[in-house]
Amino acid sequence: MVPIDDAILEYVRDAGEVPPAVIGRNIGSHRNYVGVRCRELTKYELLSREEDGYYSLTSLGSRYLNEELDAGELDEDE
């Protein structure tokens, strides 16, 4: 986890399904970097990527934001 990950997760929680470009514009980060981080967060099952390239928060992502889950407990889905 890097500092921007929390901002991404919080924005997606509040906005619903959104593409990286919209996330980036709203959190003040470049869409390409946000896309990289969204893919990484998907590996850890904190976000879910839809076929249209939009991302949504998973139940695990909600647990993380609610501080019911520590980042150290996350395993990359291989």
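Reading guide: rules and limits
Residues numbered from 1 in each chain as written. Predicted model: local features only at pLDDT ≥ 70, side-chain atom pairs only at ≥ 80, totals over all residues. Heavy atoms only, no water. Buried < 20%, exposed > 50% of the residue type's maximum accessible area, 1.4 Å probe, protein only. Helix = DSSP H or I, 4+ residues; strand = E, 2+ residues; numbered from the N terminus. Arc of directions from axis to C-beta. Contact = heavy atoms within 4.5 Å. pLDDT = per-residue confidence, 0-100. Salt bridge = Lys/Arg side-chain N within 4 Å of Asp/Glu carboxyl O. Polar contact = N/O pair within 3.5 Å; in protein donor to acceptor, adjacent residues only side chain to side chain.

A word on helix α2 (residues 20-27)
- P20, I23 and G24 are the residues of α2 that are buried. The buried residues of α2 all sit within an arc of 95 degrees when viewed along its axis, so they share a single face.
- For α2, the secondary structure elements touched by its buried residues are α1 (3-15), α3 (31-43) and β2 (55-57).

Section: the confidence of the model for the protein chain
- Per-chain confidence: the protein chain averages 92 in pLDDT, with 96% of residues scoring 70 or above.
- Per-element confidence in the protein chain ranges from a low mean pLDDT of 95 for helix α4 (residues 59-65) to a high of 98 for β2.

What to know about the environment of R49
- Residue placement: R49 occurs in strand β1 (residues 47-49).
- Contact partners of R49, with chain neighbours within four places excluded, come to T42, Y54 and Y55.

Focus on the pattern of salt bridges
- Counted by the stated rule, this structure contains three salt bridges.
- Between R13 and D14 there is a salt bridge whose closest N-O contact spans 3.2 Å.
- Classification of D14 as exposed rests on a relative accessible area of 60%.

A closer look at the side chain of T58
- By the element assignment, T58 lies in the loop between β2 and α4.
- In this structure the side chain of T58 is engaged in a polar contact, spanning 3.1 Å, whose partner is the backbone oxygen of L46.
- Among residues more than four places away in sequence, those in contact with T58 are E45, L46, L47 and S48.

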